[in-house]
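Below are the chains, spelled out letter by letter.
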Amino acid sequence: MTKKIVHILYGGLGGHGQVVFTLLNRLPESQHIHLIFYGVESPLEEYLEKCREKSIEYTTVLKSEGEFIKPLYSIYRKLKTIQPDIVFAHSSNALLPSLLHALLSRAKIIFVEHHANHLKSRKEWFLSICAMLFAKKVVYLSDVYRKQVKKKRGKYYREKKAKVIPNGIDLKLFSP
């Protein structure tokens, strides 16, 4: 059965794009994928080229520094249009429109924790707790990261929702 899958990710420099494209390489070709690049920077040309190569639809939602509500509403409207079965939220801000969409539809939310724990603000820790309570799964990029979050969240941590999917190495780039 073909599922509609949306990834909401930061399109500028950082690790979101590498994680997303690694995950997409492991999906069956029959899935309908849409990427929503969100942030203060336009998506890297490298990411857009990969989208074109793989015939992946994408949308860009740019925001100004400090802007909050308007871009999140734009993401929500796009989710409402696409009607995805699964939404991968790759940032705490992407979680808000994703959860709203999930409440009004039957979409499943998978939250991918990318942000370094020692740099998280109180708001980001709060949204991290919301993800654990309301998302279908929460993905961590290492077991050390998962253990740090478990210790910090305490009673709000749900082991059955936690999944570690480590960042991989693209062996095609590094093969002899």
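Predicted model only: the values in this text are computed from it and were never measured.

## Some remarks on the packing of aromatic side chains
If you walk through the whole model with that rule in mind, you get five aromatic pairs. Ring geometry for Phe21 and Tyr47: centres 5.8 Å apart, planes at 35°, overall tilted. In this pair, Phe21 is assigned in helix α1 (residues 16-24) and Tyr47 in helix α2 (residues 45-54), connecting sequence segments 26 residues apart. Using a relative accessible area of 3% as the deciding quantity, one classes Phe21 as buried. On the basis of relative accessible area, Tyr47 is assigned to the buried category, the value being 2%. Measuring from centroid to centroid gives 6.0 Å for Phe37 and Tyr58, while their planes differ by 65°, and the two rings are edge-to-face.

## Some points on the pairing of strand β3 (residues 57-62)
Here strand β2 (residues 32-39) pairs with β3 via six bridges, running parallel. When the sheet's bridge partners are listed, Tyr38 is paired in β3 with Val61. Handedness of the β2-α2-β3 crossover: right-handed.

## Considerations on helix α6 (residues 143-153)
The complete set of buried residues in α6 reads Tyr145, Arg146, Val149 and Arg153. All buried residues of α6 lie within an arc of 100° about the axis, which places them on one face of the element. Residues of α6 that are exposed and point more than 90 degrees away from the buried face comprise Val144 and Lys151. In this structure, the buried residues of α6 make contact with β5 (108-113), α5 (122-134), β6 (137-140) and β7 (162-164). The backbone nitrogen of Tyr145 has a side-chain oxygen 3.1 Å away, supplied by the residue at the start of α6, namely Ser142. Gly154, located one to two residues past α6, shows a positive phi value of around 60°.

## Overview of the packing of α5 against α6
The N-to-C vectors of α5 and α6 enclose an angle of 100°; their axes lie 11 Å apart at closest approach. Put simply, α5 runs roughly perpendicular to α6. Contact with α5, carried on its side by Trp125, Ser128, Ile129 and Met132, involves Val149, Lys152 and Arg153 of α6 and no other residues of that element. Grouping the constituent residues of the contact of α5 with α6 by class yields four nonpolar, one polar and two charged.

## Notes on a nonpolar patch on the surface
Together, Phe68, Ile69 and Leu96 make up an exposed nonpolar region whose accessible area comes to about 260 Å². With respect to the helices, strands and loops of the structure, Phe68 is situated in the loop between β3 and α3 (69-82).

## Re the sheet that holds β5
Strand order in the open sheet formed by seven strands is β3-β2-β1-β4-β5-β6-β7, with parallel pairing between adjacent strands. Bordering the open sheet on either side are β3 and β7, each of which pairs with just one other strand. Across the sheet, the mean angle from the axis of one strand to that of its neighbour is 20°, orientation sign disregarded. Together, β1 (4-9) and β2 form the strand contacts of α1, whose direction differs from that of β1 by roughly 160°. Sitting on the sheet, helix α4 (residues 92-104) is in contact with β1, β2, β4 (86-89) and β5, with an inclination near 170° to β5.

## Considering the nonpolar core
Where a protein is soluble and globular, its nonpolar side chains tend to be buried together. Formed by 29 residues in total, the largest nonpolar core has its most connected members in Ile8, Ile75, Leu95 and Tyr140. Looking at this core element by element, the count peaks at five residues for α5. The residues contacting Leu95, other than those within four sequence positions of it, are Ala89, Ile109, Phe111, Leu127, Cys130 and Ala131.

The rules behind these values
- Residues numbered from 1 in each chain as written.
- Predicted model: local features only at pLDDT ≥ 70, side-chain atom pairs only at ≥ 80, totals over all residues.
- Heavy atoms only, no water.
- Phe/Tyr/Trp six-rings, centres within 6.5 Å; stacked < 30°, edge-to-face > 60°.
- Helix = DSSP H or I, 4+ residues; strand = E, 2+ residues; numbered from the N terminus.
- Buried < 20%, exposed > 50% of the residue type's maximum accessible area, 1.4 Å probe, protein only.
- Pairing = 2+ DSSP bridges.
- Right-handed = clockwise from strand over helix to strand, strands pointing away.
- Arc of directions from axis to C-beta.
- Contact = heavy atoms within 4.5 Å.
- Polar contact = N/O pair within 3.5 Å; in protein donor to acceptor, adjacent residues only side chain to side chain.
- Axes fitted to C-alpha atoms, helices over the stretch in contact; angles between N-to-C directions.
- Parallel < 35°, antiparallel > 145°, perpendicular 65-115°, else oblique.
- Nonpolar A, V, L, I, M, F, W, Y, C, P; charged D, E, K, R; others polar.
- Patch = residues over 30% accessible without salt bridge, like charges linked within 9 Å, V, L, I, M, F, W, Y side chains within 5 Å.
- Areas by Shrake-Rupley, 256 points an atom, 1.4 Å probe, with all protein chains shown as cover.
- Salt bridge = Lys/Arg side-chain N within 4 Å of Asp/Glu carboxyl O.
- Core = buried A, V, L, I, M, F, W, Y, C linked by side-chain atoms within 4.5 Å.

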